[in-house]
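# Fold and contact review
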Amino acid sequence: MEEIMEAVNGEVFAVWFLIGAALVFWMQAGFAMVEAGFARAKNAGNILMKNLMDFCIGCVVFIAIGFGLLLGEDLMGFIGKPGFDIFTSYENFDWSNFIFNLVFCATTATIVSGAMAERTKFLSYCVYSGVISALIYPIEAHWIWGGGWLAQMGFHDFAGSCAIHMVGGIAAIVGAKMVGPRIGKFEKDENGKIVKVNAFPGHNIVVGALGVFILWLGWYGFNGAACTSTDQLASVFVTTTIAPSVATVVCMIFTWIKYGKPDVSMCLNASLAGLVAITAPCDVTDAFGAIAIGAVSGLLVCFGVWLLDYKLHIDDPVGAVAVHMMNGIWGTIATGLFATTSAPGNDSLVGLFYGGGFDLLGIQLIGFAAVAAWAAIGMIIVFAIIKAIFGLRVSEEEEIEGLDVKEHGLASAYAGFSIVDMSNASMSANENTDLGEDDYEKASEAKKNASVPVQNISAGVAGTSLDSGMHKVVIITKLSRYDKIKRALNALGVTGITVTQVTGCGIEKGSSQMYRGVEMDMTLLPKIKLEVVVSKIPVDSVIETAKKTLYTGKIGDGKIFVYPVSRVVKIRTGEEDFAALQDVE
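Residues numbered from 1 in each chain as written. Predicted model: local features only at pLDDT ≥ 70, side-chain atom pairs only at ≥ 80, totals over all residues. Heavy atoms only, no water.

## A closer look at the pattern of salt bridges
Inspection of the entire model under this criterion finds 13 salt bridges. Between Arg182 and Asp315 there is a salt bridge, with its nearest N and O atoms 2.7 Å apart. Placement of the pair is Arg182 in the loop between helix 7 (161-179) and strand 3 (186-188) and Asp315 in the loop between helix 11 (287-312) and helix 12 (320-338), with a sequence separation of 133 residues. Of the two residues, Arg182 and Asp315, both sit in the buried class. Between Arg567 and Glu576 there is a salt bridge, with the nearest N and O atoms lying 2.9 Å from each other. Via salt bridges that share partners, Arg40, Glu118, Arg182 and Asp315 belong to a single interconnected network. (Salt bridge = Lys/Arg side-chain N within 4 Å of Asp/Glu carboxyl O. Helix = DSSP H or I, 4+ residues; strand = E, 2+ residues; numbered from the N terminus. Buried < 20%, exposed > 50% of the residue type's maximum accessible area, 1.4 Å probe, protein only.)

## Some remarks on helix 9 (residues 230-259)
For helix 9, which comprises 30 residues, the first-to-last C-alpha distance of 43 Å matches the rise-based estimate of 44 Å (1.5 Å per residue) to within 8%. Gln232, Leu233, Ser235, Val236, Thr239, Thr240, Ala243, Pro244, Ala247, Thr248, Cys251 and Thr255 are the residues of helix 9 that are buried. Once helix 9 ends, the next one or two residues include Gly260, with phi positive near 90 degrees. (Expected span 1.5 Å × (residues − 1).)

## As for a nonpolar patch on the surface
On the surface, Leu123, Ile377, Ile381, Ile385, Ile389 and Phe390 cluster together into a nonpolar patch covering about 590 Å² of accessible area. For the nonpolar patch, the leading source of residues is helix 13 (residues 359-389), giving 4 residues. (Patch = residues over 30% accessible without salt bridge, like charges linked within 9 Å, V, L, I, M, F, W, Y side chains within 5 Å. Areas by Shrake-Rupley, 256 points an atom, 1.4 Å probe, with all protein chains shown as cover.)

## Re the packing of aromatic side chains
One pass over the structure, following the stated rule, counts 25 aromatic pairs. Aromatic pair Phe100 and Phe104: ring centres 4.6 Å apart, planes at 40 degrees, arrangement tilted. Here Phe100 and its partner Phe104 are both found in helix 4 (residues 95-115), 4 residues apart, which amounts to about one turn of the helix. Here Phe100 falls in the buried class, since its relative accessible area comes to 9%. Judged by its relative accessible area of 3%, Phe104 is buried. Ring geometry for Trp219 and Phe222: centres 5.4 Å apart, planes at 45 degrees, overall tilted. Here Phe222 and Trp219 lie together in helix 8 (residues 205-224), a separation of 3 residues that amounts to about one turn. (Phe/Tyr/Trp six-rings, centres within 6.5 Å; stacked < 30°, edge-to-face > 60°.)

## Looking at the state of the cysteines
By the definition in use, this model includes 0 disulfides. Counting only cysteine sulfurs, Cys302 is the nearest neighbor of Cys251, a cysteine outside any disulfide, at a range of 3.6 Å. Residue Cys251 is classed as buried on the basis of its relative accessible area, which comes to 0%. Just so you know, Cys282 is unpaired, no disulfide at all, and the nearest cysteine sulfur is the one on Cys227, 6.6 Å from it. (Disulfide = S-S within 2.5 Å.)

## Observations concerning the environment of Ala22
Mapped onto the elements of the fold, Ala22 is located in helix 1 (residues 2-38). Taking the C-alpha atoms as reference, Ala22 lies 33 Å from Lys406; in sequence the two are 384 residues apart.

## Structural notes on unusual backbone geometry
Not every positive phi belongs to a glycine, and Met76 is a case in point at roughly 60 degrees. Topologically, Met76 is positioned in the loop between strand 1 (74-75) and strand 2 (79-80). Given the relative accessible area of 81%, Met76 is considered exposed. Of note, His313 is a non-glycine position whose phi angle comes to about 55 degrees, a positive value. In this structure, His313 sits in the loop between helix 11 and helix 12.

Rendered as structure tokens:
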């Protein structure tokens, strides 16, 4: 019976191993959503294509050479022996290990697409993706998981903080540095010194958040697939849950204190940072270790974003370097600090903080340094060759217009429907915009005019031959006020209104916001423009109704323009002037 149970248990975990591989494959969707959501809409299709091709190109080259270099017969501890058993001996091929390591390989490659987003040539990116999947990743992964020299030393990286995330993050920072920042990211003075960092907010944080949740779900397979007992699997699930949760809370508190509001995109990055950091020690640490690792991750991701923006001046649109490289390094080192034999399945690894001394920590530091050097030198050479042969960056025109249309002939990734809800967009109230009185009846004329100024061009022609008695009134205000102004004008008797969405800026100052630690000038705001033509209804009544409806006691509530109209023609009936307006007022 014991032998039967062992056999059943072995089969169950073999199936779980493949389910875990499927979960890791599903993480490609998560990466695609995070990167697309954090980028601008004009490049969303390009990012999706890169994430798709990371896996597909990676599969091709992994079959050709990558799998052999990773798990082939060990050659001097450095590489595996390349082979074609998948073709020559398929009946005896290690199918499970192939698909499992393939999806991990694709994860390494896809980290880079976010850091180099919005300005990288698609062809050049495809070449990079093939090279990292064929050579860079399989060789260093062999050192760690294929019986190579680091594995022989006792280096521990259970699921890839070092082998996958740090390597992908290093490739990301090298690529982002060599391709250069997006146009307008950094402003320079006449001496070429960078004097300002500009924020480019992601076009769809909802999609970005969906990507984070997909990645978090996939991470249970990422970290747990290689477990060999129920207790070990459960413990890995616990540490994989605790670390990102703590990281996100710490990041929320930090950004709330530092910037005055909790930063949504930074907190999403922090969740991923905690997951990256716990990936190496997830099977050898306990709850306390997971909490400490997560807390550091939550701060480290904020520091990483700040460091790249303000000190290194490297443009990383999605925070890939801060999330993957920095927290991959942290997770690798943390294994040497927080490993404990109280974790199920760990009988030998003990970290510094649990009485194990510096032995494991020293091995982890050697492994980190060796893999980092391999990845950095290798990727500098790879990107330099690609840059020399194909070029890395698209033209200025292509970047400005968007890679979707220029690289793929895709007019928009969202053709056919609107993706932007601007109904609650507004400037924040501050000492420069608040007039001190939010009641229209109590407000002075000066405050009313400051809140909703009126420019009446018609007044200049009143009583002259140019005065037809018809007026066009244009009202520009916040989109959130649309329903109120529409109802007010309808109650006044105006039923014909033309409405368009526009963006504009006014004199409001001092109401900038923070996005990922970068001050973002909120000068161009979403507005609506309402146009009505009146004759029978006194134009002064329209003006007063609009002012009263729009007034909130702040500068920027709206503007009203009044123009004389010399002639109106109704196309359907041919009626003109007053007759043409009778069914709209």
